[in-house]
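# Working through the structure, step by step
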Amino acid sequence: MVDTMDNAFAKKLKKEDVLITEVYGSEFSKRLFQRKDMLFALVALLLFTGLALFAPFISPYDPNANELRNKNLSPSEDHLLGTDYLGRDLLSRILIGARTSLSIAFGVVLISLITGTALGCAAGYYGGIVDEGISRVIDVFLSFPGVIFALAIMGVLGRGVFNLMLALSIVQWAKYARVMRGQVLSIKKQEFVLSAVTSGADDFYIIRRHIVPNAIAPLIVLATIDIGHVILSIATLSFLGIGLPADVPEWGAMLSAGKEFMRTAPYQTIFPGLAITFVVVIFSILGDGMRDILDPNHEGGEIY
Amino acid sequence: MSLLEIRGLSVEFPAGENAVKAVSNVSFEVEEGETFGLIGESGSGKSVIGLALLRLLPESAVISGEVIFQGQNLFSLKPSELRNIRGKKISLMPQNPAGALNPVLKNGLQIEEVFEERRVDKKEGMKRSLKLMKKLFLTDPEKLCTLYPHQLSGGMRQRLIACMSLSFEPELLIADEPTKGLDPEAKAGAVDLFTKIKKEYGKTMLLITHDLDLALEVCDRIAVMYAGEIVELNEASKVLNTPVHPYTKGLISAQPRNGLVPLRGQSPSRIKLPEGCFFNERCRCSGIECSKKHPEIKKHKGGWVRCHFQSLQ
Amino acid sequence: MKYLIKRAGFMAFTVFAVCALTFFLMNVIPGGTAELILKHTLIGLEESATEEQLSQISSRYNLDDPLYLQFYWWVKEAVLRGDIGTSYIYNKPVLYLLTLRLPATVQLAGASMAIATLAGVSLGIYSALQENRISDHILRIVTLFGVSMPGFWIALILIIIFSLKLKLVQVSGYGNLENLILPAAALSLHSVAAVMRVTRTSMLETLGQEYIRFAKAKGLPVWKIISRHALKNAMLPVVTVIGFQMGNLLGGAVVIEKIFAWPGIGSLLVDSISARDLPMVQGCVLAIVTMFLLVNFIVDILYTHLDPRIRYG
Amino acid sequence: MSFPVLTVNELAMKFGTSEVFKNISFSVARGETLGLFGKSGSGKTTIGRCIVGLEKPTGGKILVHGEDILSMGKKEFRKLRPKIQMIFQHPETSLDPRMKAFENLIEPLKIHSGLKQDSLLKRGEELAELTGLRPEHLVRYPGHLSGGEIQRIVLARIMALSPDFIVADEPTSMLDVSVQAQILRLMQKLQRETGVSYLLISHNLEVLRKVCHRIAYLENGTITSIENINRGIKT
């Protein structure tokens, strides 16, 4: 959409043989291929989501099938990662657990990204009392440390997929809103926005065409890294037994069950944790790479 | 023998697969006691030369050539030897006085530390500095020392930096764009400042600037830079009043008071420099030769010019 | 000073807002509160709870009043008598129970914060100075995993290695320094990595500043440039991040305390949530938020101390 | 009787208790360039911003073709906006970095005219030619353009609205001398061809002397004198 006129113009030039040599705009993919770690992370992520999506078809066992005579088995040819205290195959459960974590995390990040962007944009663009109000709310939400707020909400609402998503989104959105507000505040003062204003463009046009496209990059980076963080939070809550219902296979819950058998079957603790670490590392690399690609001369400062 | 001799200095900055040629094959000499001006527009490479002399460029820069200062090649000195020259024999007045002072340290400390490494008594040194500050039109210098840099105006910061640079009465003072970003009044003040420095300290100065007025006022000789190389070098009044190179001519007549005659086009890309004369595309009197062969710098009427047609100009 | 008063006022406002938010959150289920109180007081008789008993309880605890009035009573009690509710389970004032648990959490979070600051900052500086050398790359990969591993998993792995296999320390316990080692190590690892990252980035950015170049031009030795000019500036963003990390530490402490049976507020919070002891949950949340805000207030004071631009701004 | 393009009457601005400027009065005729000279921090940029409606003055009147824009309704003013345009000091932020130059250039046309793609292309090319831009400039992102090229694009996009009046706030102070001359000459050419009027804000008196018909001197928050530069202009 954004580039339609440009493309039309470039096409016309090409037809008239005015423009042949110079190619612009392919920089995103060019920079992507320059970063090997990023490519590695992308491939790993695709593989992993593929495995998660097709988990029911590839996993060797039914992740929920109890076979008590096979309980607490060590890794072997039959059960690559061993079995848990109910004799369920650990590999199958880790694969199916990936679906839970990834889908909830994507959902939470998407909801927070949209809410945060909208509210942050409103606060930054309109300023005055709107800004004052939204900013105070953001401050209050950001004054809850770590997962504490989510814990309290879950304590009231009780376990459940929907409740978990709601609780984590309530916790997450403020971060996005704050970053977005800062971005908008600096962008709306820039001359290209002012000249759109003096050209007679309305607020909605300016926000849509100028503010959001220029402000969104750091939020995309934040969102990418955040998927990993949300997965960590989900695992933490489930580990404490206040995240998801007991019958949903989830990494944190698996760790929690496995820790009872640390002495005899430590792999039940090790493997789910490795899975979590692996996914979070992938999203960290992706986020870092995105930052370099979207904004090669970003102004230092890590997000977390 | 001249105080400073630069031979075939080239500086490149790697940028992805390419390299930006910031300075290509620059040679000139600065005589003892003179004020030598390097003038050019932004991106002409003049500031890079100043930093290269004291080896202050980032490590990624590829530097070649020689810089002979009092018979020593600065590029082959050990770091400790180089430190003895920096600040003491050669001082740099950086551009952007706002960025050159550390925002979290008091001005006094930043002056004082110049003496720390030189086995000069701090109190003795400070006394000297305070005197110097008064001379450089700074009132109430004792109070200035207890303040932080952000509490000073742009002009005051510049004087403070000048004072730090002159602490040891260096043999060579490199002033990098002293009028950049200053108000018209502060600019006028800078002209006074440098005239005064020149008169009172009488030491050698290398003045890097885009400001022709300042250059004419202060400099004895001038080298004009374009696209990383020197295109004309001569006495200041000659360069500015009877320029030879078409670029110098264009630059001067583009000044508002000289008619505001635009020079067409703009400087060439420094990644892919043209084959012939770098100025060819913008030149009003280029010939066939100019697009094919890169001109060498040649002697002409007591100065040096880099043009195929210098005798016709 | 004015700035600090403003910050303190802001902190008071936030604490109040958090009180309101948690209060309404805890009472969001209409009628639920009375039922909960009943359940806890009539253990074993839940089934026989009658409408009559419910309404009795409702009127005794003013539960029929509109929420804002209930909140008003709550605030009044809290301000006048320091009464922020009574735990259903322990049947004791929440505030009293919190004071019992506070020292353990302060100990754990404090120790982790100290580790995070010391190790994070020194490793970050080292990594920055070794930029792009082998040790820098190794440290960066380690931090990547450090910020990605779940804290409670690290705790479990540490237990497996040091308690179960090597039998060096006990799994749980509270009271002496030895007991603190594993929990603090598990809790701080994430923050060490995070602080290190920021320190490294900030240090590298500072080293590229113009005042660093000017300090070099003054002839200062490298160690002085780093210790005097770079360090203080580089610490500015780090200080903020350390304050922010306190949030992660307090959040992480909840799980770590649970794993190591550490008698702090975190484990109390988890137990209260499982038992649906809402006044206790609210009290724990308030205590943790207040700690977090206090730490950040201190960080703010520190920041103004480090940065004269804010002090005299 | 025809009104001057722009009349500013006793304009005043206060931030809190400090007065930025007061009693600012001048008018600009069609095809005239009025220079506004002042030190940095003298409030000259704020005056310019008030005229194009980016800031609200605390007192006075701004008349465009005799109509007071400060007392106008929002809708009415938006209709008038294309007629009063502004060029800013910093080229590096004057174009949206996420749009290529051509898209930036034709943006005002897209907002105001219901032109179809073909006519948009055509009009865009005309404007580019008018301001001396070459096609290869137009397919680049602003980050790949020089300051001088960007100011040309800014001028082109402003001319798309066929304005009557342009506030030029230090349009060349960030440019090299040789490019500064190019841009100022281009502005003069556009004035000759379209009869547009300029308010040229600058701290460089030499530049103002060279291109303005009259120069207003701003000192201590008020206009102390207006000097006629003899350039044979009929008023």
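In case you missed it, the structure is sitting above this.
My aim in this report is to walk through the structure given alongside it, one point at a time. Computed from a predicted model, the values in this text were never measured in an experiment.

## Brief notes about the overall build of chain C
- Across its full length, chain C carries 13 helices and 0 strands.
- For chain C, the N- to C-terminal ordering of α and β elements is α-α-α-α-α-α-α-α-α-α-α-α-α.
- Within chain C, counting contacts between residues at least 6 apart in sequence, those at least 24 apart form 72% of the total.

## A closer look at the interface of chain B and chain D
- Contacts between the two partners involve 19 residues from chain B and, on the opposite side, 17 residues from chain D.
- Summing the contributions of chain B and of chain D, the shared interface buries around 1,600 Å²; its carbon and sulfur component is 50%.
- Together, P256(B), L260(B) and Q266(B) form the three largest contributors to the area buried by chain B at its contact with chain D, with a combined 34%.
- At the junction of chain B with chain D, the criterion picks out 1 salt bridge.
- A salt bridge links E206(D) to R257(B); its shortest N-O distance comes to 3.2 Å.
- Taken together, the connections running from chain B to chain D amount to 9 residue pairs in polar contact (both at pLDDT 80 or more).
- By residue class, the composition of the side of chain B that touches chain D is 8 nonpolar, 5 polar and 6 charged.

## Comments concerning the pairing of strand β6 (residues 84–87) of chain D
Residue and element names in this part refer to chain D.
- Side-chain alternation along β6 places I84 and M86 on one buried face and Q85 and I87 on a second face that is also buried.
- Judged from the 4 bridges that link them, β6 and strand β7 (residues 165–169) form a sheet pairing that is parallel. Of the residues in β7, the one forming a bridge with I87 is A168.

## Topic: the pairing of strand β7 (residues 172–176) of chain B
All names here are of chain B.
- The buried fraction of β7 amounts to 5 of the 5 residues, a majority that puts the element mostly inside the structure.
- Residue alternation in β7 divides its side chains into two sets, L172, I174 and D176 and L173 and A175, and both sets are buried.
- Examined bridge by bridge, strand β6 (residues 90–93) and β7 share 4 bridges and lie parallel to one another. When the sheet's bridge partners are listed, I90 is paired in β7 with L172.
- Relative to strand β8 (residues 204–209), β7 runs parallel, the two sharing 5 bridges. Residue pairing in the sheet places L172 in a bridge with T204 of β8.
- Once the chain exits β7 it traverses helix α8 (residues 184–201) before rejoining the sheet at β8, and the crossover so formed is right-handed.

## Thoughts on the pattern of salt bridges
- Considering all chains together, one arrives at 37 salt bridges over all chains under this definition.
- Between D307(C) and R309(C) there is a salt bridge, with its nearest N and O atoms 3.0 Å apart.
- Owing to a relative accessible area of 5%, D307(C) belongs among the buried residues under this scheme.
- Where K44(D) meets E170(D), a salt bridge forms, and the shortest distance between an N and an O atom there is 3.7 Å. Remark: E170(D) occurs in the loop between β7 and α7 (177–194) and K44(D) occurs in helix α1 (residues 44–51); sequence separation between them is 126 residues. Accessibility classification places K44(D) together with E170(D) in one group, the buried group.

About the thresholds
Residues numbered from 1 in each chain as written. Chains lettered and ligands numbered in written order. Predicted model: local features only at pLDDT ≥ 70, side-chain atom pairs only at ≥ 80, totals over all residues. Heavy atoms only, no water. Helix = DSSP H or I, 4+ residues; strand = E, 2+ residues; numbered from the N terminus. Contact = heavy atoms within 4.5 Å. Buried area = accessible area lost by both parts, 1.4 Å probe. Salt bridge = Lys/Arg side-chain N within 4 Å of Asp/Glu carboxyl O. Polar contact = N/O pair within 3.5 Å; in protein donor to acceptor, adjacent residues only side chain to side chain. Nonpolar A, V, L, I, M, F, W, Y, C, P; charged D, E, K, R; others polar. Buried < 20%, exposed > 50% of the residue type's maximum accessible area, 1.4 Å probe, protein only. Pairing = 2+ DSSP bridges. Right-handed = clockwise from strand over helix to strand, strands pointing away.

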